[in-house]
Amino acid sequence: MTKKILFNASPTEKRAALLENDKLVEVVVERPDHFRLVGNIYRGRVESILPGIQAAFIDIGLERCAFLHASDVDPSLLLEADDTLMERYTGHGASKRGKVPKIPIEKVLTVGQEILVQVQKEPIGSKGAKITTQISLAGRFLVLVPDTDFIGVSKKTHDTQKRSRLKRLISQIKPKGVGFIVRTIGLKVSESEFIKEIHLLLDAWRKTQEEALSGTGPKLIYHELGITTRVIRDLFSEDVQQVYADEEEDYNEIISYLAALSPALREKVILYKDAVPLFDKFDIEKELERLLKRKVWLKSGGYILIDRTEALVAIDVNTGRNVGKSNLEETIFKTNYDAVGEICRQLRLRDIGGLIVVDFIDMQNPENRKKIENEVRKALDADPTATSCTGLSKFCLIEITRKRVRPELQEFFSDVCHACGGLGWVFSPETVTARIDRTLRRTQQKPSVLTLSVHPAVSAYLKKDEGAVKKMLENEHDCQIKVIEDEQLDQDEYSFEEIEGGNSVTSE
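Here's what I pulled together on the structure shown here.

## Quick look at the sheet that holds strand β9 (residues 137–138)
Strand order in the open sheet formed by 4 strands is β9-β10-β12-β11, with mixed pairing between adjacent strands. Across the chains shown, the open sheet's two edge strands, defined by having one partner strand only, are β9 and β11 (151–153). The pairing of β9 with strand β10 (residues 142–146) spans 2 bridges and is classified as antiparallel. Pairing of Ala-138 across the sheet is with Val-143, part of β10. In the packing of helix α4 (residues 191–212) onto the sheet, the strands contacted are β9, β10 and β12 (178–182), and the crossing angle to β10 comes to about 40 degrees.

## What about the sheet that holds strand β15 (residues 269–271)?
The strand order β3-β2-β1-β14-β15 describes an open sheet built from 5 strands, whose pairing is mixed. Two strands close off the open sheet at either side, each with one partner strand: β3 (23–30) and β15. Pairwise comparison of adjacent strand axes, ignoring direction, gives a mean angle of 15 degrees for this sheet. Judged from the 3 bridges that link them, strand β14 (residues 240–245) and β15 form a sheet pairing that is parallel. Within β15, the residue paired with Ala-245 across the bridge is Leu-271. Helix-sheet contacts for helix α9 (residues 328–349) involve β2 (14–20) and β3, and the interaxial angle to β3 is about 15 degrees.

## A few points about the pattern of salt bridges
Summed over all chains, the structure comprises 33 salt bridges. In this structure, Arg-43 engages Glu-114 in a salt bridge whose closest nitrogen and oxygen atoms are separated by 4.0 Å. Taken as a pair, Arg-43 in strand β4 (residues 41–50) and Glu-114 in strand β7 (residues 114–121) lie far apart in primary sequence, 71 residues in all. When its relative accessible area of 14% is taken as the criterion, Glu-114 is described as buried. Here Asp-149 ties to Lys-174 by a salt bridge, and the two come within 3.0 Å at their closest N and O atoms. Within this pair, whereas Asp-149 is found in the loop between β10 and β11, its partner Lys-174 is found in the loop between α3 (160–173) and β12, the two being separated by 25 residues in sequence.

## A word on the pairing of strand β19 (residues 354–359)
Where strand β18 (residues 313–318) and β19 come together, 4 bridges link them in parallel fashion. Residue pairing in the sheet places Asp-316 in a bridge with Asp-359 of β19. Here β19 runs beside strand β21 (residues 397–402); their pairing, made up of 6 bridges, is antiparallel. Bridged to Ile-356 within β21 is Ile-400.

## Digging into the packing of aromatic side chains
Tallied over the entire structure, the rule returns 6 aromatic pairs. Between Tyr-244 and Phe-282 the ring centres are 5.4 Å apart and the planes differ by 50 degrees, which places this aromatic pair in the tilted class. Placement of Tyr-244 in strand β14 and of Phe-282 in the loop between α7 (278–281) and α8 (284–289) is noted, with a sequence separation of 38 residues between them. A centroid spacing of 6.2 Å and a plane angle of 75 degrees characterise the contact between Tyr-494 and Phe-496, whose relative ring orientation is edge-to-face. For Tyr-494, a relative accessible area of 15% translates into the label buried. Residue Phe-496 is classed as buried on the basis of its relative accessible area of 1%. Put simply, the rings of Tyr-244, Tyr-272 and Phe-282 pair up and form one aromatic cluster. Above the plane of the ring of Tyr-303 lies Lys-295, whose end atom (NZ or CZ) is 4.4 Å from the centre. Over the aromatic face of Trp-297 sits the side chain of Arg-321, whose NZ or CZ is 4.0 Å from the ring centroid.

## A closer look at the environment of Ile-400
Tracing the backbone shows Ile-400 in strand β21. Note: C-alpha distance between Ile-400 and Thr-390 (10 residues apart in sequence) is 6.7 Å. Apart from the residues within four sequence positions on either side, Ile-400 is in contact with Leu-347, Gly-354, Leu-355, Ile-356, Val-358, Val-376, Leu-380, Ser-388 and Cys-389.

## Brief notes about the state of the cysteines
Summed over all chains, the structure comprises 0 disulfides. The thiol sulfur of Cys-389 is not disulfide-bonded, and the nearest other cysteine sulfur, from Cys-344, lies at 8.4 Å. We classify Cys-389 as partly exposed; its relative accessible area is 21%.

## Some details on helix α12 (residues 429–442)
A rise of 1.5 Å per residue sets the reference length of α12, with its 14 residues, at 20 Å; its end C-alpha atoms lie 20 Å apart and thus fit the reference within 8%. Among all positions in α12, only Pro-429, Val-432, Thr-433, Ile-436, Asp-437, Thr-439 and Leu-440 are buried. Along the axis of α12, the buried residues cluster in a sector spanning 160 degrees; they form a single face. On its buried face, α12 sits against β22 (449–454), α13 (456–477), β23 (480–485) and β24 (494–498).

Cut-off values and rules
Residues numbered from 1 in each chain as written. Predicted model: local features only at pLDDT ≥ 70, side-chain atom pairs only at ≥ 80, totals over all residues. Heavy atoms only, no water. Pairing = 2+ DSSP bridges. Helix = DSSP H or I, 4+ residues; strand = E, 2+ residues; numbered from the N terminus. Contact = heavy atoms within 4.5 Å. Axes fitted to C-alpha atoms, helices over the stretch in contact; angles between N-to-C directions. Salt bridge = Lys/Arg side-chain N within 4 Å of Asp/Glu carboxyl O. Buried < 20%, exposed > 50% of the residue type's maximum accessible area, 1.4 Å probe, protein only. Phe/Tyr/Trp six-rings, centres within 6.5 Å; stacked < 30°, edge-to-face > 60°. Lys NZ or Arg CZ within 6 Å of the ring centre and 35° of its normal. Disulfide = S-S within 2.5 Å. Expected span 1.5 Å × (residues − 1). Arc of directions from axis to C-beta.

Okay, here's the thing in structure tokens:
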């Protein structure tokens with residue numbers, strides 16, 4: 001599989017795209033007024049504690065207070081730890097990461113207390129950021145886990161010998177009192193590269209601690225890396241053939257970051273200078289234009305429909321133009337099989353998280369059903385974001401969960417339609433006419449002549465068949481109605497005004 005990473009920068013936004021076999025699979029966007037918060041470390045102040053749901057709301061200096069659940073509270077990382085309380089619940093003066101004691105949150109936190117927290121999930125919709133006191137600092141090859149001697153290895157490798165070797169190596173080169181987790185990208189690096197990053201991470205943690213103890217009140221203590229360095233850190237590995245950056249500043253930032261950790265990879269970084277915009281060169285702009293479309297076509301001629309609700313995302317698979325060549329079962333299986341790869345690609349591309357329910361076309365052959373199940377699991381394994389799925393139900397449904405740490409790209413790129421409020425539908429002209437009729441019935445004293453301002457579609461309905469519907473309303477309510485088209489109105493909006501005096505009677 002060939003991989004490429006592309007960076008496009010402009011005054012309004014920065015974008016990074018990951019291509020696999022020249023097909024877009026991930027896109028990350030950052031704007032000057034909307035920076036990513038996940039990974040940021042804050043000094044926060046406890047605003048309220050809710051024992052009933054074992055949670056607290058923490059002021060970290062953002063518009064909305066952040067949410068902290070009791071399961072994310074590690075007493076050893078509190079700025080003002082109570083040693084007596086710790087001993088009562090744990091038997092010693094400090095908790096161990098991975099064995100956080102189940103202490104009632106009201107016993108650990110008090111209103112007004114200052115604590116050190118890290119953002120786990122971005123604010124989404126009306127919800128504030130989700131935070132934890134279990135701090136970690138991510139590097140390119142390792143994740144630093146303070147206040148513990150824990151050593152872990154990425155679950156992406158199932159080689160027990162390699163896991164044991166890496167654990168022994170890290171335990172030999174790390175100082176006491178801090179733990180580390182080897183990331184997937186670090187499974188193939190040398191001891192010297194680990195040593196370099198351990199020093200960098202420890203230095204960053206020391207500065208973070210010093211900043212946390214400086215002053216009082218809610219404050220940003222540690223800022224996660226910007227989009228350019230973060231994407232290089234998380235995605236740039238040996239299997240990436242090329243990295244393109246169309247701004248010299250981003251190019252220099254990438255080269256500088258790699259010089260300290262992976263100097264050999266610098267030769268893969270290219271400063272793009274062609275006249276054709278970078279994202280146009282690789283047909284990414286066209287792909288992004290289709291990103292918010294409900295319907296996605298498949299190579300086989302079938303298509304999938306992606307619909308969002310408050311609780312889940314529903315994906316429906318349809319045969320579409322795929323009429324097949326032999327029998328129905330084969331046509332259905334081919335459509336379902338093609339849909340699996342595209343569905344998993346769309347989950348990554350649109351950054352869809354939470355619960356996803358996929359409705360495959362019904363298959364009768366048990367072998368075909370099993371093949372679809374296996375293909376879904378295989379495709380999800382390639383997703384760097386944590387996922388899990390059920391088997392295929394008797395109704396040919398598969399449920400998928402995908403970790404959600406930030407708003408989907410649809411929420412980032414778009415606003416809820418002011419006309420339909422996110423419903424996706426508006427009242428038809430016939431329904432609006434019925435509402436106009438009811439409004440006139442509720443009006444106690446109707447003037448003899450009224451102007452009715454409506455959307456052009458409603459106006460056309462009222463005037464069709466030589467104004468039959470308009471005449472019906474006039475006869476029913478014994479008044480003359482002058483219809484005015486107003487393109488500024490939504491289709492389900494309308495207003496009445498008395499011609500003499502210009503008084504609005506809609507509210508009556």
